[in-house]
Amino acid sequence: MDFLKSIRIASGGMRAQAGRMRISAENIANANSTAQTPGGDPYRRRVPTFRTSFDRELQATTVQLGPVRQQQGEFRTRFDPQHPAADPRGYVKIPNVNSLVESMDLREAQRSYEANLNVVTSTRRMIQRTIELLRS
């Protein structure tokens, strides 16, 4: 087993999941934002994508964060005629972000990150034990 190969593959997964967590956090932070102008569009939910590629140096398939896309679809509306971004009927568009969905995505990304971190930690321990065995 190639220990360094395991660490590099797991660290790539950690980078991808860290990007996913950053995007979910950004969505949560903007969940209550509104448009700057009356009738304008508010923040649109961003969705991370992943891509795999074959790393010739590692001779393994790795994962990376792919392009970040905006989720299309209708915005929710709220009646608030006093709001500066309200349309002529008094409705304000609010982002298509569901905080519960984002929290669950964030938790899933966190668990995936931790799983990759455990691979790195376990592999480092195996390397250390191998070195100890070779010394004695």
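Note: the structure precedes this text.
Residues numbered from 1 in each chain as written. Predicted model: local features only at pLDDT ≥ 70, side-chain atom pairs only at ≥ 80, totals over all residues. Heavy atoms only, no water.

Draft legend 1. Looking closely at helix α1 (residues 3-29). For α1, with 27 residues, the first-to-last C-alpha span of 39 Å sits near the 39 Å given by 1.5 Å per residue. With a side-chain oxygen lying 3.4 Å from the backbone nitrogen of L4, the N-terminal cap of α1 falls on D2. (Helix = DSSP H or I, 4+ residues; strand = E, 2+ residues; numbered from the N terminus. Expected span 1.5 Å × (residues − 1). Polar contact = N/O pair within 3.5 Å; in protein donor to acceptor, adjacent residues only side chain to side chain.)

Draft legend 2. Highlighting the packing of aromatic side chains. Considering all chains together, one arrives at 1 aromatic pair under this definition. For the ring pair F79 and Y91, a centre distance of 5.3 Å and an interplane angle of 65° mean the geometry is edge-to-face. A residue pair is termed long-range when its members are at least 10 positions apart, and F79 in strand β5 (residues 76-79) and Y91 in strand β6 (residues 91-94) qualify at 12 residues. Of the residues examined, F79 reaches a relative accessible area of 54% and is grouped as exposed. (Phe/Tyr/Trp six-rings, centres within 6.5 Å; stacked < 30°, edge-to-face > 60°. Buried < 20%, exposed > 50% of the residue type's maximum accessible area, 1.4 Å probe, protein only.)

Draft legend 3. Fine view of the pattern of salt bridges. Using the criterion set out here, one finds 7 salt bridges in the structure. Among the salt bridges present, the one from E108 reaches R20, with a minimum N-O distance of 3.4 Å. Highlighted residues: E108 in helix α2 (residues 99-135) and R20 in helix α1, separated in sequence by 88 residues. Judged by its relative accessible area of 10%, R20 is buried. In this structure, the salt-bridge partner of K93 is D41, at a minimum N-O distance of 2.9 Å. Remark: D41 occurs in the loop between α1 and β1 (46-47) and K93 occurs in strand β6; sequence separation between them is 52 residues. Residue classification places K93 among the partly exposed positions, given a relative accessible area of 30%. Its relative accessible area of 48% is what places D41 among the partly exposed residues. Among the ionic contacts, a cluster of salt bridges with common partners joins R45, E102 and D105. (Salt bridge = Lys/Arg side-chain N within 4 Å of Asp/Glu carboxyl O.)

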